[in-house]
Amino acid sequence: MSLKNLSNNLLIILIIVGIAACSGTDPQHNKLTPKEKNNGYKLLFNGQNLDGWHSYLKNQPGKAWSVKNGVIALNPKSGDNGDLVTNKEYQNFILKLEWKISKGGNSGIIFDVHEAPQFKQTYVTGPEMQVLDNKNAEDNKKPSHLAGSLYDLVAASPTAAKPAGKWNKVKIKLQEGHLQFWLNQKKVVDTQMWSKHWKKLVNGSKFKNWKGFAAYKKGHIALQDHGDPVWYRDIRIKTI
C-alpha cells in the first residue's frame, strides 16, 4: 500500500471516529456480530430510538424513557413513568443485554409479561431478573433480592454483580420452562418453571397468592421503572 493510500485510509478512520464521538454513540454497541446473525439473533434496541417498545398499558414509550448516546436511559423525574415493554411477545428465547444502575438504584428485567388492564404492573404476571446496586439499595437485605437473582425466588451469587455505575452483562435463557440466568458470564440461576419445585418456590415467596404470576408461557419483555435512573444497551434476542 502506498503512503498516499495509507494516509487516505487513516483519514477515513479518523472521520468515522470523529462522527461517532460527536454523536455520542459507541459504534461497537447495539450491533450484531456476524456469529450472532448466523445464530438467529435479532436486535430489540437499534441504538437510535425506542422503535419496537412502549410503556406498559400505553401505546408509546413514556417520556421518562429516552435514548442517549446509544443507550436506553430512564429519568424517573421527567414524569410519564411506567415499565418499558417490547411490542412483541416471546416464549422460548435467549435474551442478552447490558445494564448499569445508579447509586442505590433498583430496576429489573421482567419476562412472560401478560399485558392486560386487570394486571396493573408487569411484575404481577412476569418473573424478574433483579437489577440492583447491591451495596447501597434499600432492597438489599434478602439474598433473593440481590442483582442477578430470580426476584424473591432464587438467590444469585452476590459476587457476580458489578457496582453501581458499571456495566453488567446479562444472558437469560428460557426453553420449555427451563430458566437460566447468567450475570457477567457467571451462571447464577438454574431452575425449571412450573415444576413441583417451582410451585414450592412460589409458595414461599411474596407471589404465593398472585393468581396471574408466572401463569403465562408467552409474553412481553419489560425493563422496569422502579423510580431510579437506570441504563440499558446491547439488547438482542434469539427465539429457540
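Quick caveat, the model's predicted, so the values are computed rather than measured.

What counts, and at which threshold
- Residues numbered from 1 in each chain as written.
- Predicted model: local features only at pLDDT ≥ 70, side-chain atom pairs only at ≥ 80, totals over all residues.
- Heavy atoms only, no water.
- Helix = DSSP H or I, 4+ residues; strand = E, 2+ residues; numbered from the N terminus.
- Buried < 20%, exposed > 50% of the residue type's maximum accessible area, 1.4 Å probe, protein only.
- Lys, Arg positive; Asp, Glu negative; His and termini not counted.
- Salt bridge = Lys/Arg side-chain N within 4 Å of Asp/Glu carboxyl O.
- Polar contact = N/O pair within 3.5 Å; in protein donor to acceptor, adjacent residues only side chain to side chain.
- Contact = heavy atoms within 4.5 Å.

Q: It is not clear to me how unusual backbone geometry should be interpreted in this structure. Could you clarify?
A: A negative phi angle characterises most non-glycine residues, just as the trans form characterises most peptide bonds. Unlike most non-glycine residues, N69 shows phi in positive territory, near 55°. Among the structural elements, N69 can be located in the loop between β3 (65-68) and β4 (71-74). At A214, a position not held by glycine, the phi torsion is positive, near 55°. For A214, the location among the structural elements is in the loop between α3 (196-203) and β12 (220-223).

Q: Explain the side chain of D225 here, please?
A: Structurally, D225 can be placed in the loop between β12 and β13 (230-239). Lacking a salt bridge, the buried D225 has K58 as its closest oppositely charged neighbour, with an N-O distance of 8.3 Å. A polar atom in the side chain of D225 sits 3.0 Å from the backbone nitrogen of G82. At 3.0 Å, the side chain of D225 forms a polar contact with the backbone nitrogen of G227. Once residues within four sequence positions are removed from consideration, D225 is found in contact with W65, L74, P76, N81, G82 and D83.

Q: How should I be thinking about the pattern of salt bridges in this particular structure?
A: Oppositely charged side chains can pair when the atoms bearing their charge come close. Using the criterion set out here, one finds five salt bridges in the structure. A salt bridge links D80 to K58; its shortest N-O distance comes to 2.8 Å. Here D80, found in the loop between β4 and β5 (84-86), pairs with K58, found in the loop between β2 (53-55) and β3; they are 22 residues apart in sequence, far enough to count as distant. Residue classification places D80 among the partly exposed positions, given a relative accessible area of 34%.

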